[in-house]
Amino acid sequence: MTGGCRRGGKLASRVAVAAATSATACCSAAVVALDDPWTPLTLRTNCNAAASTSSVVAGGSRPRRVVMLRHMGQTLFAPVHRSHRLWHTHGVEQHRSILHVDMDAFYVAVEVRTDPSLAGRPVIVGGSGARGVVASCSYEARAHGIHSAMPSTRARRLCPEAVFLPGRYDLYQQCSHQLHEVLHRFTPLIEAISLDEAFLDVGGARRLLGTGVEIAWSIRRQIHDEMGLWSSVGVATSKLLAKLASKAAKPHASLTGTIPGLGVKVVEPGAELAFLHPLPVGALWGVGPATRRRLDRFGVTTVGDLAQIPPETLEGALGQASGRHLHALAWGRDTRAVEPERGVKSVGHEETYPRDHHDHEPLRREVVRLADAVASRLREAGRAGTTVVLKVRFGDFRTITRSRTVPVPLDAGPPLAKVAHALLEGVDPSPGVRLLGVSVSNLVQRDSVQLTLDDAEREADDVARAVEDIRRRFGAAAVGPASLLGPTGLERKRRGDQQWGPTSPPSPPSGGPDGELPRRSGGVSADTDG
């Protein structure tokens, strides 16, 4: 029978199907199942029949999948073709195929694509002012020790020749939409983490598009061909390992030039702990500076060290929930599914100011501006919320929040500002307010909000609807609260404004005889959590 299988694929396939059907007659679980012809599979039954697969080489170096059926003491071999697969109902556990796609230096890469003269230079996107932070930097800048979330003043000291760009949220968002158009060609199961990274579950696409590894390479190639940007992809059986794998696939910074990365890093099933345990413990989700200090007492430096600590000890040191969570991650246990429909929990805007505000008056105007922007986003998303939160950060970085829950969900600027103003009155700004934020949580669908008989609320809703209609037709700055009218027109808060702190005044051109380009600075960027 084995020889017959090697001579004719059709005959062998019929034998495999016949044998599987025969085995099924004495046990319903004995059905051959191959979701992926290159995935090892073993199927056991509760009788004398068993089926498994193995690879053989026939006439070349490419392995082909064969099925081995043992029934009533007889062993049969046959190659399995896609057209002859039989689906199983139980008895076989398939490995998940989770991908994590992460763009390489996304904001900077988009800027370099727009202005090729920046290629090969240390470029920093973020707030260039004294209170700005680095949002993204090129690998040439990273070679000097610069990284995201670093204060811009320190980044400038590390690399005085760096080119600072204020960032353009609208442009990055547009590129993010293009990225997701590419990703949706491979699977609808996409969980967006930020503008430039997402998890994908491609288990259901393997029959049509190939293995997880093949899909990862296809995604990376299509992103580069259509967007001119590079990405790194991690392939694994869980979200934790896929994200760590994508990081391992990234390029590396060097003073002699960028060192290309793997592009795609695969953590094979069964090799999870070999990949995970040598990594620094800080690679795990939930291990921040405070947790690291507690783990230092146990001499923990790697994930493997953490895995050797009894869970009871971790729970005693970190708390029951955190200790149990980290112990599970240290052993690679992460069963979270990719969630395409992640509900928005809150909508907010905040802004860091170049100089501290010590009085209520300018802050009241800022509350109106922030509430107007939050309301616009709520109505655009068809949401309303009942909890208004005011966030205040003082000059010494002390941060407080004040919140109030109202009985009727809000989605219009004036009612939101009214609640936020009441919260502001309970805050003493005399120490100096560095940052102010307004957000709305406890969101519901706007069409599910119960109608009210309050004439004032109905009027506010009508006004808000008219304002949004005018803005859609004539632009965002066409109409707004009168208190926001300034020397340059209506000073509305837009999504993306001041995201990485205030910018410094534009620097004068510094180009010299050597042709050096002037440092680019100034402009409007966006708010950290907005």
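Before reading on, note that the structure itself is shown above.
Computed from a predicted structure; not experimentally measured.

Quick notes on the environment of Ser 194
- Along the polypeptide, Ser 194 turns up in strand β9 (residues 190-194).
- Residue Ser 194 is classed as partly exposed on the basis of its relative accessible area of 29%.
- For the pair formed by Ser 194 and Asp 102, sequence separation is 92 residues and the distance between their alpha carbons is 9.5 Å.
- There is a polar contact of 2.8 Å between the side chain of Ser 194 and the side chain of Asp 196.

Re the sheet that holds strand β16 (residues 433-445)
- Read across the open sheet, the 4 strands follow the order β13-β16-β14-β15; overall the sheet is antiparallel. The outermost strands of the open sheet, each flanked by one partner alone, are β13 (346-357) and β15 (399-410). Strand after strand, the sheet turns through a mean of 15° between neighbouring axes, direction not considered.
- Sheet strands in contact with helix α15 (residues 360-381) are β13, β14 (383-394), β15 and β16, and its direction is about 155° off that of β13.
- Against the sheet, helix α16 (residues 413-425) engages β14, β15 and β16, with an angle of about 145° to β15.

Here's the deal with the environment of Val 202
- If you trace the backbone, Val 202 turns up in the loop between β10 (197-201) and α7 (206-209).
- According to the relative accessible area criterion, Val 202 is buried, its value standing at 0%.
- As for Val 202 and Ser 97, which are separated by 105 residues in sequence, their C-alpha atoms are 5.6 Å apart.
- Val 202 has contacts with Ser 97, Leu 99, Thr 187, Gly 212 and Ile 215, leaving out every residue within four places of it along the chain.

Criteria and thresholds
Residues numbered from 1 in each chain as written. Predicted model: local features only at pLDDT ≥ 70, side-chain atom pairs only at ≥ 80, totals over all residues. Heavy atoms only, no water. Helix = DSSP H or I, 4+ residues; strand = E, 2+ residues; numbered from the N terminus. Buried < 20%, exposed > 50% of the residue type's maximum accessible area, 1.4 Å probe, protein only. Polar contact = N/O pair within 3.5 Å; in protein donor to acceptor, adjacent residues only side chain to side chain. Pairing = 2+ DSSP bridges. Axes fitted to C-alpha atoms, helices over the stretch in contact; angles between N-to-C directions. Contact = heavy atoms within 4.5 Å.

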